[in-house]
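As a plain string of letters, each chain reads:
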Amino acid sequence: MFISPAFAQGAAPAAGGADMLIQLAPFVLIFVVMYFLILRPQQKKAKAHQEMVNSLRRGDVVITNGGLVGKVVKVVDDAEIEMQIADNVKVRQLRSQIAVVRSKGEPAKDETAA
C-alpha cells in the first residue's frame, strides 16, 4: 500500500557486479587508447632527446630552442655547455635547451698517443 512499484522492480544483487564492469569498460578502453596514442610516443621522444643531449661533445653544431646556431666549444658540466655563436663570441647554454644536433664533431684528439 505505501510501497511504490519502483522499489519492487530493483535489480538482483548478483547482477550488480557484472553491470559495474560493463559500465567501466569504456573508461578503461579510453585510457588504453590515450596511453598508446599520446603518452607512449611522448615518453619515447623525451628519452631520445635526453640521449641526444647526454651525447653532446666538443665540435658538435647545435641549434637551441631559441634559434641560435653554434658550435660546442666546451662541455661545462652535466647541465651546461659552452658554445661559440660567432668569432670570439661564446655563450653558456643549458643542455636541456638544445633542440637539434646538426652535425657531429670529431672526437677529442688524444695528444699522448703522438
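Residues numbered from 1 in each chain as written. Predicted model: local features only at pLDDT ≥ 70, side-chain atom pairs only at ≥ 80, totals over all residues. Heavy atoms only, no water.

The name given to the protein chain in an unreviewed UniProt entry is Sec translocon accessory complex subunit YajC, with the source organism recorded as Azorhizobium caulinodans. The UniProt entry for the protein chain carries this comment under Subunit (unreviewed entry): "Part of the SecDF-YidC-YajC translocase complex. The SecDF-YidC-YajC translocase forms a supercomplex with SecYEG, called the holo-translocon (HTL)." UniProt, in the comment section headed Sequence similarities (unreviewed entry), describes the protein chain in these words: "Belongs to the YajC family." (UniProt positions renumbered as here; feature names shortened; annotations may be inferred.)

Enquirer: How would you sum up the overall build of the protein chain? Please name residues and give values.
Expert: A count of helical and extended segments in the protein chain gives two helices and five strands. Residues classed as buried in the protein chain amount to 15% of the 114 residues present. Partitioning the intrachain contacts of the protein chain with sequence separation of at least 6 by distance along the chain shows that 42% fall at a separation of at least 24. Of the roughly 9300 Å² of accessible surface on the protein chain, a fraction of 62% belongs to carbon and sulfur atoms. (Helix = DSSP H or I, 4+ residues; strand = E, 2+ residues; numbered from the N terminus. Buried < 20%, exposed > 50% of the residue type's maximum accessible area, 1.4 Å probe, protein only. Contact = heavy atoms within 4.5 Å. Areas by Shrake-Rupley, 256 points an atom, 1.4 Å probe, with all protein chains shown as cover.)

Enquirer: An account of unusual backbone geometry is needed here, citing residue identities and associated values.
Expert: The backbone of asparagine 88 sits at a positive phi, close to 60°, despite the residue not being glycine. Summarising the element assignment, asparagine 88 is placed in the loop between strand 3 (80–86) and strand 4 (89–94).

Enquirer: Outline the nonpolar core, listing residues and values.
Expert: Among soluble globular proteins, nonpolar side chains are generally buried collectively. The biggest cluster of nonpolar side chains holds nine residues, and these are Met52, Val53, Leu56, Val62, Val72, Ile81, Met83, Ile98 and Val101. Elements that contribute at least two residues to this core include exactly helix 2 (16–54), strand 3 and strand 5 (98–103). If sequence neighbours within four positions are ignored, valine 72 has contacts with Arg57, Arg58, Gly59, Asp60, Val62, Ile81, Glu82 and Met83. (Core = buried A, V, L, I, M, F, W, Y, C linked by side-chain atoms within 4.5 Å.)

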